[in-house]
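Given next are the chains, with one letter for each unit.
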Amino acid sequence: MNAHNRTVAPVGKASADLRFPSYPVHGLAGTSFKPEHLSAILAENGPQGFFEIHAENYMGAGGPPHHALELVRRDHPISLHGVCMSLGGPQSLNKDHLRRFRELVIRYEPALVSEHLAWSTHENTYLNDLLPLPYTSATLMHVCDHIDEMQTAIGRPILLENPSTYVLFAESSMSETDFMGEIAKRTGCGLLLDINNVFVSATNHGYSALDYLADFPLTKVGEIHLAGHAEQTDDEGEQLLIDSHDGPVADAVWRLYEIVIGHCGGVPSLVEWDSKIPDWPVLRAEAVAAQAILDRQSQTVGKSHAAR
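As the structure is a prediction and not an experimental result, all values here were calculated from the model.

A. Inspection of the overall build of the protein at higher detail. Secondary structure summary: the protein contains nine helices and twelve strands in total. Residues counted as buried form 50% of the 308 residues belonging to the protein. Sequence separation of at least 24 residues holds for 79% of the intrachain contacts in the protein that already meet a minimum separation of 6. By element, 53% of the accessible surface of the protein is carried by carbon and sulfur atoms, the whole surface being about 14,500 Å².

Shown next, in the form of structure tokens:
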């Protein structure tokens, strides 16, 4: 079903009755929100970009997680990032999970909503991983069906994130970039470009990250992710990168990010750090570095327009 032919049910409250203020995120860098950083965040003056939360951490009705998030959302935009919808899985979406996701969208009015091109469920079991899928016409159809269902349920388009991969499927008949571009075309969704995932996958499979980015549908990108990765070796002694989110962004990923921002402009950019959580100033410094790149690009574009 094409997004332009789809009837979307209205959700949320009327614009005059919004619980939270609306903040623009274009040109902003942000970070993952971790509850242990709440006091430091509230103690800082001035804007701090935006914060990303994993939807599944807030699917309870209330309690300390929601209290903390409400304090952050009062003064900052948030990005709602799902990790368990299993859009790439062969079975139907979990209706209860989708309902709770919709309730979070209504409750917090996130600036951005995203999910992964992956599968993570088998029957009634949730797997603690984001698993890859073959890029075939059959897979394309059911991924598009799932995205249509999700977007209809929440009443807005999502951003679909490219995966980090460690295996490739012999039956794939499309490249990952073509696959994602076709999904965006058929469903009307946007794309979340995770540059660390690009670097991890390119290194693991021996292709060029720059070539991948040259083929990626950058005009569809509504958000960028940056993160750290871990270096290991596989059973043959070859280098293997793991998308670990447990350290600072690598220099090579920063260089790719500058190239992408040069093409895309002020796309909202988020630094993920999900384990071995550092003190707030360390994580904040990563977002400040991303913001500096965004600001330099904005100044370059401004000077270019002024010279005309």
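B. Spatial organisation of the packing of helix H2 (residues 64–75) against helix H3 (residues 95–108). One can describe the packing of H2 onto H3 by two numbers: an axis separation of 12 Å at closest approach and a directional angle of 40 degrees. Relative to H3, the element H2 is oriented oblique. Contact residues: His66, Leu69, Glu70 and Arg73 in H2; Leu104, Arg107 and Tyr108 in H3. The class makeup of the residues in the contact of H2 with H3 is three nonpolar, one polar and three charged.

C. View of helix H8 (residues 251–264). The first and last C-alpha atoms of H8 sit 20 Å apart over 14 residues, in line with the 20 Å expected at 1.5 Å per residue. Inspection of H8 places Ala252, Val253, Trp254, Leu256, Tyr257, Val260 and Ile261 among the buried residues, and these make up the whole buried set. Just downstream of H8 lies Gly265, where phi reads positive at about 80 degrees.

D. Unusual backbone geometry, seen in detail. The backbone of Glu109 sits at a positive phi, close to 45 degrees, despite the residue not being glycine. Note on placement: Glu109 falls in the loop between H3 and strand S4 (112–116).

E. Main features of the sheet that holds strand S3 (residues 78–81). Taken together, the eight strands give a closed barrel; going around it, the order is S1-S2-S3-S4-S7-S8-S9-S12, and neighbouring strands pair in parallel fashion. Shown here is a sheet whose adjacent strand axes are inclined to one another by a mean of 30 degrees, direction ignored.

F. Region of interest: the packing of aromatic side chains. With the rule as written, the count across this model stands at seven aromatic pairs. Here Tyr135 and Phe179 contribute two aromatic rings whose centre-to-centre distance is 4.7 Å and whose plane-to-plane angle is 40 degrees, an arrangement assigned as tilted. Taken together, the residues span a long stretch of sequence, with Tyr135 in the loop between strand S6 (125–131) and helix H4 (137–154) and Phe179 in helix H5 (residues 176–187) at a distance of 44 residues. Residues Tyr135 and Phe179 agree in their burial class; the two are buried. Each member of the aromatic cluster is reached from another via a ring pair, and the members are Phe33, Phe51 and Trp280.

G. How the structure looks around the pattern of salt bridges. With the rule as written, the count across this model stands at eleven salt bridges. With its nearest N and O atoms 2.9 Å apart, the salt bridge here joins Arg186 to Glu182. One end of the pair, Arg186, and the other, Glu182, are both in helix H5, four residues apart, so they sit about a helical turn from each other. Take Arg186: its relative accessible area is 35%, and that puts it in the partly exposed class.

H. Here's a closer look at the confidence of the model for the protein. In the predicted model, the protein carries a mean pLDDT of 89, and the fraction of residues at 70 or more is 89%. Note on residues 1–18: pLDDT is under 50 here. Beyond four places in sequence and across chains, it has 29 contacts.

I. Highlighting the layout of surface pockets. Considered as a void within the structure, the second largest pocket measures approximately 290 Å³ in volume. Contributing to the lining of the second largest pocket are 18 residues, with Tyr135, Leu168, Ser175, Glu176 and Tyr207 lying nearest its centre. Put simply, the parts of the chain that give the lining of the second largest pocket at least two residues each are H5 and helix H7 (209–215). When residues of the lining of the second largest pocket are assigned to their parent elements, the largest contribution, three residues, is made by H7. Grouping the constituent residues of the lining of the second largest pocket by class yields nine nonpolar, six polar and three charged.

J. Here's a closer look at the state of the cysteines. The final tally for this structure, using the stated rule, is zero disulfides. The structure places no disulfide on Cys144, whose sulfur is separated from the nearest cysteine sulfur, that of Cys189, by 7.7 Å. For Cys144, a relative accessible area of 5% puts it in the buried group.

K. View of helix H6 (residues 195–205). With eight of eleven residues buried, H6 lies mostly within the body of the structure. Among all positions of H6, only Ile195, Asn196, Asn197, Val198, Val200, Ser201, Ala202 and Asn204 are buried. Those residues of H6 hidden inside the fold are in contact with strand S7 (159–161), strand S8 (190–194), H7, strand S9 (221–227), strand S11 (239–242) and H8. The backbone nitrogen of Asn196 has a side-chain oxygen 3.1 Å away, supplied by the residue at the start of H6, namely Asp194. Just beyond H6, the residue with positive phi is Gly206, at close to 75 degrees.

L. Just the pairing of S4, in detail. Taking burial as the measure, the five residues of S4 include five buried ones, the bulk of the element. Here S4 shows a buried face lined by Leu112, Ser114 and His116 and a second buried face lined by Val113 and Glu115. As paired strands, S3 and S4 are joined by three bridges and run parallel to one another. Each bridged residue has a counterpart across the sheet, and for His81 the counterpart in S4 is Ser114. In this fold, the crossover linking S3 to S4 by way of H3 has right-handed handedness. Pairing of S4 with S7 involves three bridges; the strand directions are parallel. What sits directly across from Ser114, in S7, is Leu159.

What counts and what doesn't
Every chain is numbered independently, its residues counted from 1 as its sequence is written. The predicted origin of the model limits local features to residues at a pLDDT of at least 70 and limits the giving and counting of side-chain atom pairs to 80 or more, whereas totals for whole chains, interfaces and linings rest on all residues. Hydrogens and waters are ignored; side-chain quantities use all the structure's heavy atoms. Segments assigned H or I by DSSP are reported as helices when at least four residues long, segments assigned E as strands when at least two residues long, and all are numbered from the N terminus. When a residue's accessible area, from a 1.4 Å probe over protein chains only, is under 20% of the maximum for its type it is buried; when over 50% it is exposed; and in between it is partly exposed. Between two residues, a contact is recorded if the distance between any of their heavy atoms is within 4.5 Å. Here the open area of atoms and residues is found with the Shrake-Rupley method and a 1.4 Å probe, where only the protein chains shown may cover a residue. Fitted lines through C-alpha atoms give the axes, limited to the stretch in contact for helices. The angle between two N-to-C directions lies from 0 to 180 degrees. Working definition: roughly parallel below 35 degrees, roughly antiparallel above 145 degrees, roughly perpendicular at 65 to 115 degrees, and oblique for all remaining angles. Here the term charged refers only to Asp, Glu, Lys and Arg, the term nonpolar to Ala, Val, Leu, Ile, Met, Phe, Trp, Tyr, Cys and Pro, and the term polar to all other amino acids, Gly among them. In this scheme, a helix's expected span is set at 1.5 Å multiplied by one less than its residue total. For two strands to be treated as a pair, DSSP must find no fewer than two bridges joining them. In this analysis, rings of Phe, Tyr and Trp, with Trp reduced to its six-membered ring, are considered paired at centre separations within 6.5 Å, and the interplanar angle assigns stacked below 30 degrees, edge-to-face beyond 60, and tilted for intermediate values. Think of a salt bridge as a Lys or Arg side-chain nitrogen and an Asp or Glu carboxyl oxygen that are within 4 Å of each other. Per-residue confidence from the prediction method is given by pLDDT, with values spanning 0 to 100. Within this scheme a cavity is a closed region of a 1 Å grid, computed over the protein atoms alone, that accommodates a 1.4 Å probe without allowing it to escape, whereas a pocket is open but has protein on both sides within 12 Å along at least five of seven lines; lining residues each have an atom within 4 Å of a point. Grid points are joined across faces, edges and corners, and a volume is the space filled by probe spheres set on the points. Our working definition of a disulfide is a cysteine sulfur pair at a distance within 2.5 Å. Each polar contact in these results corresponds to two N or O atoms within 3.5 Å; when the atoms are within protein, one needs to be able to donate a hydrogen and the other to accept it, and residues that are neighboring in sequence are counted only if both atoms are side-chain atoms. Think of it like this: strands point away, you trace from the first strand over the helix to the second, and a clockwise trace means the crossover is right-handed.

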